Structure formats: structure tokens, C-alpha cells
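A look at the structure
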Amino acid sequence: MTIELPVLRLGLAGFSAAQQEELGAALSGLAPGEMVWELDKLPDADAWWINGARSKLLLNTTVRVSSAVPTERALQLHLPDIDRPVAFSLPLACPDLKPAYSFDPTSPESMTAVLEKFESWLSPLAAQFCLASHIVEHETALGSGVFDVRLDGRLLAVVNMHGPVGVLPGVGPADFENAEWRRCPAAQIPEDLVPTSMSQLMWQYSLRTQRDLLPRHYRTGPLYFRRPPRLPSRMLRDSHLLLLRELAAGPASFEALQQSTGLRPLQLARDLAALYFVGAITSNPKRAAPSNALRRHEDTESAQGPHSSLPSGLDSVLPGDAPRSAPIPSDLTAPAPMGPR
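These notes cover the structure that comes with them. (Residues numbered from 1 in each chain as written. Predicted model: local features only at pLDDT ≥ 70, side-chain atom pairs only at ≥ 80, totals over all residues. Heavy atoms only, no water.)

**Some thoughts on helix 2 (residues 108-121)**
Rules: We count a stretch as a helix when DSSP gives it H or I for four or more residues in a row; a strand needs E for two or more, and each element gets its number in order from the N terminus. An expected span of 1.5 Å times one less than the residue number is assigned to each helix. Residue exposure (1.4 Å probe, protein chains only): buried if accessible area is under 20% of the type maximum, exposed if over 50%, otherwise partly exposed.
Spanning 14 residues, helix 2 covers 20 Å between terminal C-alpha atoms, matching the ideal 20 Å at 1.5 Å per step. Residues Ser110, Met111, Thr112, Val114, Leu115, Phe118 and Glu119 constitute the buried set of helix 2.

Put into C-alpha cells, the structure is as follows:
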């Protein structure tokens, strides 16, 4: 049995390269709870630390953060639109700025305290990570179907292996390990559970885990584009889009994709695993999409209006929720976090 701690990502803005290195080193030594914090790019992070010394209040709800790195641009944050926890470092350059969270970057106690608040805010995401980890660990035993997951009579999650999922915020890895998984005829998500889809659940997990989730045969044979990921477009990174376009142009092996994209093997394996879990790629040529499928999808999205890859508060309004996943065949070429591969 392997118990994984939830992985959360922290983005930094307004800090110099040296300051970012210092904060990253300090972060690795902090342990506010049963979670692991890692630095990541601002658009991909779950929470932000902003340099208060470089933050200026333009309007009542808009903050401009000047860059401390010559190659980076200043940021403009519309605070009501930000969809994740944000803390400003002290001292603040603008006395009128009254952030909900602040911290002293020279004090481990202060940084730990603000991360504890972040972890409470992000408890639904952490619970989803723990649920996905348990599914991967026990996929052969679970198989497919619909489950309710209970511990001492308390409902922790409702899991449809090919559809909607709901999980109780604050649930940890030990809770799922000791819980009873019971098959049920339908997946009704109670209001106290945070809803998501199996696609989004496994996508988020595959981008965070240190496990190698890519099936072995995906490293040796040709891979094909199958369909666009059924996810909000903001969840896709540039590397995912690059891989989708490469495979939409024609089948390619792991080695060929590494050469054409320049991605390192570890990053390539992680990105391909994420695309595998949402059914976007396949190793079976019979399930490959027509060569123009991705272009038609992009044309449809363009007709609906531009989408930004940046989070709310930095750019435009986020796209809506992803469509519900369709049933996924349980074979070697489609995502199978809940059955034999």
C-alpha cells in the first residue's frame, strides 16, 4: 500500500529570481499539514504569493504588481475575479491595500500560518487528489461501476468511474484507505460533496503525482490523436496543446514526440499520461480520429469566442465547466484508471 500526500502548487509574482529561489528553499522546509507544496508557474498554481513591496492599488479592487525579473511583464490583478487564495508579502508598499492574507517572507512561522489557511481553502482539491490516488492504487480491484464510499457510516465520496464524482472536502488518504466502497445503482451527488468529473479528477491527479502513470506500451509503439480533451480549455498547458497538434498531424512514438517537441522524458510522460486519462490519445489506430478532427474543434472554439489560458483576475473570464464525460471503453487504448490496461 502506498499513501500519497496531496500535492498543491504555489505561484509567485513580483519577486526577483533570488527571492524566488529563497522562497522555494523555505517552502521545502515548511510542513503546515499533510500536504506537499511545490512552486509552479502562476497560471497553473493553486494559490499565489504576491510581493507586497511591488504591489500598487490602482482602483478599489485592482492591483498592479511590477515585475522584479527583466524578462517578465507587470501583472494587473482584479481581486474579485481571482479564483484561488492569494497572500501578499510584508511590508506592503501601498497602505490602502488590505489583503485577506499576508505573510512575512523572513518568518517560517508566518509562511506556515498562511499555507495552513490556503490548505483549508483548497481542501476540496486535496480531497480529490486523495480519491484519485486511491483509485489508481486499487484500480484492478475496483473495476468499473458506481460507488458510494463511506467511513463509519459517513459518506466520503460518490464515484462514477465513467462520469460524475463528488468528494467531501477535508478527507485525507487514510480515510479512503479505511473506507468501505459499495456499489450503487446511480450516482446522486449530495450537496455537501464537491462535484467534479472523472476526467477532471484524473487530469488534476496525473499532473501532480510522482507516479509514472503512462502505460508501458505507450512508450514503445505509435500513438494517435483520438479526440479533444473534455476539459475546460484553461486546464490545458502549452505542452498539452503542442502534443495534441503533433499527434493530430500524424501518429508518433514517444521517442519521436520527445525529439519534435523538445520535452524532457519525465515531462513528456506526465503530459501523455494526462491526455491518456481523458481519452485524448490512443495506441489503437482503429480508435484514432480523422486527421482534421482537432482543426474542427479549434474552429468551433474560435467561433464561440477567444479563451484565455490565464486564471481569472489576470485576463478574461474563464470558460464554462467541461462537458460531462461519455462512457469510456475499458481497453488498452483508452483511459482506464478503473480497470485493466
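**A few points about the pattern of salt bridges**
Our working rule: Basic side-chain nitrogens of Lys or Arg form a salt bridge, by our definition, when they fall within 4 Å of a carboxyl oxygen of Asp or Glu.
Counted by the stated rule, this structure contains 12 salt bridges. Here Asp83 and Arg234 are joined by a salt bridge, their closest N and O atoms 3.1 Å apart. Residue Asp83 is located in the loop between strand 6 (75-78) and strand 7 (86-89), and its partner Arg234 is located in the loop between strand 14 (224-225) and helix 7 (238-249); the two are separated by 151 residues in the primary sequence. Taking relative accessible area as the criterion, Asp83 reaches 27% and is therefore assigned partly exposed. When the shortest N-O distance is used, the salt bridge between Asp148 and Arg150 registers 3.6 Å. Exposure remark for Asp148: the relative accessible area of 13% places this residue in the buried category. Among the residues examined, Arg150 registers a relative accessible area of 26% and is labelled partly exposed. Bridged by salt links that share partners, the residues Arg9, Asp40, Asp44, Asp46, Arg208 and Arg237 form one connected network.

**Comments concerning the nonpolar core**
Put simply, the rule is: Put simply, buried Ala, Val, Leu, Ile, Met, Phe, Trp, Tyr and Cys residues joined by side-chain atoms within 4.5 Å make one nonpolar core.
Ranked by internal contacts, the top residues of the largest apolar core, which has 60 residues, are Leu131, Ile135, Val159, Phe176, Trp181, Trp203 and Leu272. Counting only elements with at least two residues in this core, the list comes to helix 3 (123-137), strand 9 (146-151), strand 10 (154-160), strand 11 (164-167), helix 6 (198-208), helix 7, helix 8 (254-261) and helix 9 (265-277). It is helix 9 that contributes the most residues to this core, eight residues altogether. Ranked by size, the runner-up nonpolar core spans 21 residues in total, among them Leu10, Met111, Val114 and Ala126.

**A few points about the environment of Gly172**
As for its position among the elements, Gly172 is in the loop between strand 11 and helix 5 (173-178). Since its relative accessible area comes to 15%, Gly172 is described here as buried.

**Re the sheet that holds strand 5 (residues 62-65)**
To keep it simple, the criterion reads: Here, any two strands with at least 2 DSSP bridges between them count as paired. Inter-axis angles, ranging from 0 to 180 degrees, are taken between N-to-C directions of lines fitted to C-alpha atoms, where helices are fitted over the stretch in contact.
Taken in spatial order, the three strands make up an open sheet running 4-5-6, and their pairing is antiparallel. Strand pairing shows two members of the sheet lacking a second neighbour, strand 4 (55-57) and strand 6, which therefore form its edges. Geometrically, the sheet is characterised by an average inter-axis angle of 25 degrees between neighbouring strands, direction not taken into account. Two strands pair when backbone bridges link them, and strand 5 and strand 6 are joined in this way by four bridges, in the antiparallel orientation.

**Details of the packing of aromatic side chains**
Using the following cut-off: A pair of Phe, Tyr and Trp rings is counted when the ring centres sit within 6.5 Å of each other, with Trp represented by its six-membered ring. The angle between the planes then sorts it: under 30 degrees is stacked, over 60 is edge-to-face, the rest tilted. Here, a charge over a ring is recorded when the distance from Lys NZ or Arg CZ to the ring centre is within 6 Å and its angle to the ring normal is within 35 degrees.
Applying the stated rule across the entire model yields seven aromatic pairs. Between the aromatic rings of Tyr218 and Tyr276, the centroid separation amounts to 5.1 Å while the plane-to-plane angle is 75 degrees, which identifies the pairing as edge-to-face. With Tyr218 in the loop between helix 6 and strand 14 and Tyr276 in helix 9, this residue pair connects regions lying 58 residues apart in the sequence. Summarising the burial analysis for this pair, Tyr218 and Tyr276 share the class buried. Taken together, Trp37, Tyr101 and Phe118 form an aromatic cluster joined through their ring pairs. Taking the ring centre of Phe254 as reference, the NZ or CZ of Arg219 above it sits at 5.3 Å.

**A closer look at helix 8**
This is how it is decided: Along the arc lie the directions from the helix axis toward the C-beta atoms. Throughout, a residue-residue contact means that at least one pair of heavy atoms, one from each residue, lies within 4.5 Å.
Within the sequence span of helix 8, burial applies to Phe254, Leu257 and Thr261. For helix 8, the arc enclosing every buried residue in end-on projection is 60 degrees, short of the 170-degree limit, so these residues lie on one face. The exposed residues of helix 8 that point more than 90 degrees off its buried face are Glu255 and Gln259. Packing partners of the buried residues in helix 8 comprise helix 7 and helix 9. At the C-terminal side of helix 8, Gly262 shows a positive phi close to 80 degrees.

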